[in-house]
Structures are given as structure tokens and as C-alpha cells.
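Structure at a glance
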Amino acid sequence: MSYMLALVIGAVAGLRAMTAPAIVSWAASLGWLDLSGTWLAFMGSKWAVLILTLIAIVEFITDQLPSTPSRKVPQQFGARILTGALSGAAIGMPYGYWLAGLVSGIIGAVIGTLGGAAVRAKLAAHFGKDAPAAFIEDGVAVVAALIVILLLPGTPAA
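The shown structure was predicted, so the numbers you read here are calculated from the model rather than taken from an experiment. (Residues numbered from 1 in each chain as written. Predicted model: local features only at pLDDT ≥ 70, side-chain atom pairs only at ≥ 80, totals over all residues. Heavy atoms only, no water.)

**Concerning the overall build of the protein**
Helices and strands together make up the secondary structure of the protein, namely 6 helices and 0 strands. Along the protein, helices (α) and strands (β) appear in the sequence α-α-α-α-α-α when read from the amino end. A compact globule built from 158 residues should have a C-alpha radius of gyration of about 15 Å, and the protein, at 15 Å, falls within 12% of that. Along the first, second and third principal axes, the C-alpha set of the protein runs to 50 × 30 × 25 Å. Among the 158 residues that make up the protein, the fraction classed as buried is 42%. For the protein, the proportion of contacts with a sequence separation of at least 24, taken over those separated by at least 6, is 72%. For the protein, the exposed surface amounts to about 7800 Å²; the carbon and sulfur share of it is 77%. Averaging the locations of the 8 positively and 6 negatively charged side chains of the protein gives two centres separated by 5 Å. (Helix = DSSP H or I, 4+ residues; strand = E, 2+ residues; numbered from the N terminus. Rg over C-alpha atoms; globule rule 2.2 N^0.38 Å. Buried < 20%, exposed > 50% of the residue type's maximum accessible area, 1.4 Å probe, protein only. Contact = heavy atoms within 4.5 Å. Areas by Shrake-Rupley, 256 points an atom, 1.4 Å probe, with all protein chains shown as cover. Lys, Arg positive; Asp, Glu negative; His and termini not counted. Charge placed at Lys NZ, Arg CZ, Asp CG, Glu CD.)

Structure below.
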């Protein structure tokens, strides 16, 4: 199950690079994802939650700007792979599968990046403009991230 959750959180990173680490940070901070004593323990700090949440909010805003580069340019694609890897590793860490989680997060980030771009382009063409497609993509990223966190064994919903 942790492999699948890591794959999905990676896909979230492919849609919105900072949403995945922000939600993982919140889960660690709330004690739903035990990263204590690991190299990812910093993810549960109040500073990480604050910084990653603010960056995620800024990303939601800047994504709406016409000057925002494509997610498929090397810098954007690389950032999504890195945040997908980090988030996937965090999902797998408590179960001893951080490396498998990291790889699953990378695969998910590639799928989310390329698939998200294709779906958003089709939605934008359907609506005749990009904004509605971007808002739908925002919603999908947030809902998918929340579902991943709620499916973790340590959460109240589990």
C-alpha cells in the first residue's frame, strides 16, 4: 500500500510541485506520519510546515500567471521529480521502504507532470481558456494529496 501512496503523492508533485511536500509536512507535524529519528525528521518541524505551506500557496497563485513556464522545462520538471522523490520517500519511511517510496515518488512525478500537462491542455481547449483547467488541476492535486494522507495507517481516518 505504501508504494501506491508514494506513487500518488509523486503524481501530486507532478501536478503541483510544492503541494506534495507541504501535505507530507503537515502529516508529519500532526503525528500521522512518523519521521522522527530519520533523515526526513525535519519535515515535521513547524518551520517546514510554515515554509512549505507558504511556497505551495505561492505556487497556486503563480500557476495562474501567463508568464509561468511550462512544467516540462528542465527546471520545473526537475523540481517536480525532486519533490515527488522527497514526498514518496517520506511516505515509505515509517514502513522501512523509503528507497522504494523515493522511486515510486519519482515515477509518480513523471506521470503527474506529463499526464497533468496533457489533461490540462485538453481541458483548456475545451473551456477556451486556461484558468478553469488550472483550477480543476489545483483541486485534483489537493484532494489527491489529502486522500493519500488520510489513507496512511496513523491517521484518524484509517
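**Describing helix α6 (residues 130–150)**
With 21 residues, α6 should reach 30 Å at 1.5 Å per residue; the first-to-last C-alpha distance of 30 Å fits that figure. Buried within α6 we find A133, A134, E137, D138, A141, A144, A145, V148 and I149. Down the axis, α6 shows its buried residues gathered within 145° of arc, on one side only. For α6, the elements touching its buried residues are α1 (2–15), α2 (19–29), α3 (46–62), α4 (74–92) and α5 (98–127). (Expected span 1.5 Å × (residues − 1). Arc of directions from axis to C-beta.)

**Some thoughts on the packing of α2 against α3**
The angle between the axes and the distance between the axes are what describe a pair of packed helices. α3 packs onto α2 with a crossing angle of 150° between their chain directions and a minimal axis gap of 8 Å. Between α2 and α3, the crossing angle belongs to the class labelled roughly antiparallel. When the axes of α2 and α3 are compared, the crossing they make is left-handed. In this structure, α2 uses T19, P21, A22, S25, W26 and S29 to contact α3, whose residues at the interface are A48, V49, L52, T53, A56, E59 and F60. Looking at the contact of α2 with α3 residue by residue, the class counts come to 8 nonpolar, 4 polar and 1 charged. (Axes fitted to C-alpha atoms, helices over the stretch in contact; angles between N-to-C directions. Parallel < 35°, antiparallel > 145°, perpendicular 65-115°, else oblique. Left-handed = near helix turned anticlockwise from the far one by under 90°. Nonpolar A, V, L, I, M, F, W, Y, C, P; charged D, E, K, R; others polar.)

**Observations regarding the side chain of D138**
Inspection of the secondary structure puts D138 in helix α6. At 2.6 Å, the side chain of D138 and the side chain of R16 are in polar contact. Filtering out sequence-adjacent residues up to four positions away, D138 remains in contact with R16, F60, D63 and Q64. (Polar contact = N/O pair within 3.5 Å; in protein donor to acceptor, adjacent residues only side chain to side chain.)

**Some words on a nonpolar patch on the surface**
A cluster of nonpolar side chains, namely W47, L50, I51, L54, I55, I57 and I61, defines an oily patch on the protein surface of about 710 Å² accessible area. Under the relative-accessibility criterion, I61 is labelled exposed at 54%. (Patch = residues over 30% accessible without salt bridge, like charges linked within 9 Å, V, L, I, M, F, W, Y side chains within 5 Å. Salt bridge = Lys/Arg side-chain N within 4 Å of Asp/Glu carboxyl O.)

**With respect to the packing of α4 against α5**
One way to put it is that α4 packs onto α5 with a least axis distance of 6 Å and a crossing angle of 140°. The element α4 and its partner α5 pack so that their crossing is right-handed. Between α4, through F77, R80, I81, G84, A85, G88, A89 and G92, and α5, the contact on the second element is made entirely by W98, G101, L102, G105, I106, A109, V110, T113 and L114. Taken together, the residues that form the contact of α4 with α5 break down as 10 nonpolar, 6 polar and 1 charged.

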